[in-house]
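# Results of the structural survey
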Amino acid sequence: MEIERKFLPDPDLLPFRPEDYPVRRIEQGYLCTSPVVRVRRDNDDYILTYKSEGMMIREEYNLPLTEEGYRHLISKADGRVIRKSRYVIPLEDGLTLELDIFEGDLKGLVIAEIEFPDEDAALSYQPPSWLGEDVTLSPLYHNSVLSRMDSPEGKNAVR
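I will try to describe carefully the structure that is included in this document. (Residues numbered from 1 in each chain as written. Predicted model: local features only at pLDDT ≥ 70, side-chain atom pairs only at ≥ 80, totals over all residues. Heavy atoms only, no water.)

### Remarks on the environment of Phe 7
Convention followed: By definition, any uninterrupted DSSP run of H or I lasting at least four residues is a helix, any uninterrupted run of E lasting at least two residues is a strand, and each is numbered from the N terminus. Burial here depends on accessible area, computed with a 1.4 Å probe over protein chains only, as a share of the maximum for the residue type. Under 20% is buried, over 50% is exposed, and the range in between is partly exposed. The contact definition used throughout considers only heavy atoms, calling two residues in contact when any of these lie within 4.5 Å.
Mapping Phe 7 onto the fold places it in strand 1 (residues 2-8). What makes Phe 7 buried here is its relative accessible area of 0%. The spacing of Phe 7 and Ala 112 is 105 residues in sequence and 5.1 Å in space, taken between C-alpha atoms. Once residues within four sequence positions are removed from consideration, Phe 7 is found in contact with Val 110, Ile 111, Ala 112, Ile 114, Tyr 125, Pro 127, Leu 131, Gly 132, Glu 133, Asp 134 and Val 135.

Printed below as a string of structure tokens:
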């Protein structure tokens, strides 16, 4: 089970420097977007993921892939292959912020995700103002949707 909220922070207002934290280089493509079936390279790990429908709460299943299996499947991805740098920043109360800075034709888009242990924690979380707009309930900011959309124009814009 994945329980997360998503935000659109303004990179100029972050109270930290992302490069001071661990980064993971991610490349991912979608074999199907309904239901979501994704293949991902996360640094040197390769993963096949199934995600159920939903916005803040979704079932998620991950299966390991070999590099060869990943390369075979990524070549079959529909839409764009998404590339991003993910910075992992610890927050208070044991929470972790995953800050995704997109590359390529999605450059300029920045999405922050916080995963929660349960629905009550997610609903009661009061985000700091620097996290920006809460887009948890907007399907436009699911990576599976971004893989099929036109490129955004400007900082954190999606058409």
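### Observations concerning the pattern of salt bridges
Note the cut-off: Note on definitions: salt bridges are taken to be side-chain nitrogens of Lys or Arg within 4 Å of carboxyl oxygens of Asp or Glu.
As enumerated under the stated definition, the model contains 15 salt bridges in all. A salt bridge links Lys 51 to Glu 60; the nearest nitrogen and oxygen atoms lie 3.4 Å apart. Since its relative accessible area comes to 22%, Glu 60 is described here as partly exposed. Residue Glu 98 is joined to Arg 86 by a salt bridge in which the shortest nitrogen-to-oxygen separation is 3.4 Å. Of this pair, Glu 98 sits in strand 8 (residues 96-102) while Arg 86 sits in strand 7 (residues 78-90), placing them 12 residues apart in sequence. Across the pair, exposure class does not vary: Glu 98 and Arg 86 are buried alike. Among the charged side chains, a network of salt bridges with common partners joins Lys 6, Lys 84, Arg 86, Glu 98, Asp 100 and Glu 113.

### Remarks on the environment of Glu 98
In plain terms, the rule: Polar contacts, as used here, are pairs of N or O atoms within 3.5 Å; protein pairs need one atom able to donate a hydrogen and one able to accept it. Residues neighboring in sequence count only if both atoms are side-chain atoms.
Along the backbone, Glu 98 and Asp 12 are 86 residues apart, and their C-alpha atoms lie at a distance of 17 Å. Setting aside residues no more than four positions away along its own chain, Glu 98 makes contact with Arg 24, Arg 86, Tyr 87, Ile 111, Ala 112 and Glu 113. In terms of polar contacts, Glu 98 uses its side chain to reach the side chain of Arg 86, at 3.4 Å.

### Here we look at the side chain of Arg 38
Our working rule: For this count, His and the chain ends are skipped, Lys and Arg are scored as positive, and Asp and Glu as negative.
Positionally, Arg 38 belongs in strand 3 (residues 36-42). Here Arg 38 sits buried without a salt bridge, and the closest side chain of opposite charge, Glu 60, lies 5.1 Å off (N-O distance). In contact with Arg 38, other than residues within four places in its own chain, are Gln 28, Gly 29, Tyr 30, Ile 47, Leu 48, Thr 49, Lys 51 and Asn 62.

### Considering the side chain of Glu 4
By secondary structure assignment, the location of Glu 4 is in strand 1. No salt bridge forms around the buried Glu 4; measuring N to O, its nearest opposite-charge neighbour Lys 6 is 4.2 Å away. Leave out the neighbours within four places in its chain, and Glu 4 touches Met 56, Glu 113, Ile 114, Glu 115, Phe 116 and Thr 136.

### Digging into the pairing of strand 7
Going by this rule: Strand pairing is assigned whenever DSSP identifies at least 2 bridges connecting the two strands.
Sheet analysis places strand 2 (residues 23-33) next to strand 7, joined by 7 bridges and oriented antiparallel. Among the inter-strand pairings, Glu 27 is bridged to a residue of strand 7, identified as Arg 83. Looking at chain direction, strand 7 and strand 8 are connected through 7 bridges and run antiparallel. Considered in strand 8, the bridge of Val 88 is made with Glu 98. Counting the residues between successive antiparallel strands, the hairpin from strand 7 to strand 8 contains 5 residues, one of them, Asp 93, with a positive phi of roughly 60°.

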